[in-house]
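Structure at a glance
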Amino acid sequence: MATISYYVAVSLDGFITREDEVMDWLSNYTAPLETPYDYEPFYKTVSAVVMGRKTYDKVLNFGEYAYPGKPGLVLSHNADFQVKESGVESVSSNWKEKLEALKASAKGRVWLVGGGEVANLFIKENLLDEIILTIIPETIGAGIPWLGNVPLSAGWTLSEHYISKNNVIQLVYARR
């Protein structure tokens, strides 16, 4: 059975984007990190993706769908919302059952892409197995927090950590 992983880059002060959803603060950190959790090695371990509707829309704003060939789920409150990508399904009800089926059929990791709101929900529902947090040494003052705005409590154990040459820190946590 696959591991559900929240792989996310955050500012030093805990945001995934500015308030206007601009991610310009990441532009100085595009060089490879040379860690086991750099994007390419991580992506090779991913066999499926899950994201919320807002993240899905953001991904499409970058151009082509970024995860071709990977099955996935897009969680939406709107039952009429549909996705166009082959193997990707929009779900608004029975999403836990669909997630469990995806997790059971996948190998390696199911990547929870983006969105603090969905990550918060997954933690509350005890569905998130792993957090891979890439901390970018920039403060942006305000923005969208990496775990949403709803209070939550959960225990985690640090299993790995890496510091790149450009002072980016990667922390890998497993659910306690």
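Structure: above.
Our subject in this report is the structure included herewith. Given the structure is predicted, the values throughout are model-derived calculations rather than measurements. Residue numbering note: each chain is counted from 1, following its sequence as written. Local features are withheld for residues below a pLDDT of 70 in this predicted model, meaning they are given only at 70 or higher, and side-chain atom pairs are given and counted only at 80 or more; totals for whole chains, interfaces and linings count all residues. Note that the side-chain values use all heavy atoms of the structure and ignore hydrogens as well as water.

As a further point, take the layout of surface pockets. Think of a 1 Å grid over the protein atoms and nothing else: a 1.4 Å probe that fits but is trapped marks a cavity, an open set flanked by protein within 12 Å on at least five of seven lines marks a pocket, and residues with an atom within 4 Å of a point count as lining. Grid points are joined across faces, edges and corners, and a volume is the space filled by probe spheres set on the points. The space that makes up the largest pocket amounts to roughly 1500 Å³. At the level of secondary structure, the elements contributing two or more residues to the lining of the largest pocket comprise strand S1 (3-11), strand S2 (15-17), helix H2 (53-61), helix H4 (116-124), strand S7 (130-136) and strand S8 (144-145). The way it works is that DSSP assigns letters per residue, a run of H or I at least four long becomes a helix, a run of E at least two long becomes a strand, and they are numbered from the N terminus. At 5 residues, the largest contribution of residues to the lining of the largest pocket is made by H2.

With that out of the way, let us pick up H4. One turn of an α-helix holds 3.6 residues; hence residues three or four places apart share an orientation. Of the residues making up H4, those classed as buried are Gly116, Val118, Ala119, Asn120, Phe122 and Ile123. Phi for asparagine 126, located one or two positions after H4, is positive at around 60°. Only protein chains enter the accessibility calculation, which uses a 1.4 Å probe. A residue is then buried if its area is under 20% of the maximum for its type, exposed if over 50%, and partly exposed in between.

What follows is about the pattern of salt bridges. The term salt bridge refers to a side-chain nitrogen of Lys or Arg lying within 4 Å of a carboxyl oxygen of Asp or Glu. Throughout the structure, instances matching the rule amount to 8 salt bridges. Linking arginine 18 and aspartate 24 is a salt bridge whose minimum nitrogen-to-oxygen distance equals 2.7 Å. Judged by its relative accessible area of 26%, arginine 18 falls in the partly exposed class. For aspartate 24, a relative accessible area of 40% translates into the label partly exposed. The closest approach of N and O atoms between aspartate 57 and arginine 53, which form a salt bridge, is 3.3 Å. On the criterion of helical spacing, the pair formed by aspartate 57 and arginine 53 is a turn pair, its members being 4 residues apart in helix H2.

Along helix H3 (residues 95-105), the positions that sit buried rather than exposed are Trp95, Leu99, Leu102 and Lys103. Relative to the axis of H3, the buried residues are bounded by an arc of 100° and lie together on one face. Facing away from the buried surface of H3 by more than 90 degrees, the exposed residues are Glu97, Ala104 and Ser105. Directions from the helix axis toward the C-beta atoms define the arc.

This next bit is on the nonpolar core. Generally speaking, nonpolar side chains in soluble globular proteins are found buried as a group. Of all hydrophobic cores here, the largest spans 30 residues; its most connected members are Tyr6, Val50, Phe122, Leu128 and Trp146. Here, two residues are considered to be in contact whenever any of their heavy atoms come within 4.5 Å of each other. Other than its neighbours up to four places away in sequence, tryptophan 146 contacts Tyr6, Val8, Val10, Gly14, Ile16, Gly116, Ala119, Ile131 and Leu133. The term nonpolar core refers to a set of buried residues drawn from Ala, Val, Leu, Ile, Met, Phe, Trp, Tyr and Cys, joined through side-chain atoms within 4.5 Å. Counting 19 residues, the second-largest nonpolar core is a separate cluster that includes Val74, Val88, Trp111 and Val113.

Neighbouring strands of a sheet are bound in pairs by backbone hydrogen bonds; such pairs are parallel or else antiparallel. At least two DSSP bridges between two strands are required for those strands to pair. Across the sheet, 8 strands lie side by side as S5-S4-S3-S6-S1-S7-S10-S9; this open sheet has mixed pairing. Sheet topology places strand S5 (88-91) and strand S9 (156-163) at the edges, where each strand pairs with a single neighbour. Averaged over all pairs of adjacent strands, the angle between their axes in this sheet comes to 20°, without regard to strand direction. Angles run from 0 to 180 degrees between N-to-C directions of axes, and those axes are lines fitted to C-alpha atoms, restricted for helices to the stretch in contact. On top of the sheet, H2 reaches strand S3 (46-52) and strand S4 (72-75); it is set at about 110° to S3, its chief contact. Sheet strands touched by H3: S1, S3, S4, S5 and strand S6 (109-112). Its angle to S4, the strand with the most contacts, is close to 160°.

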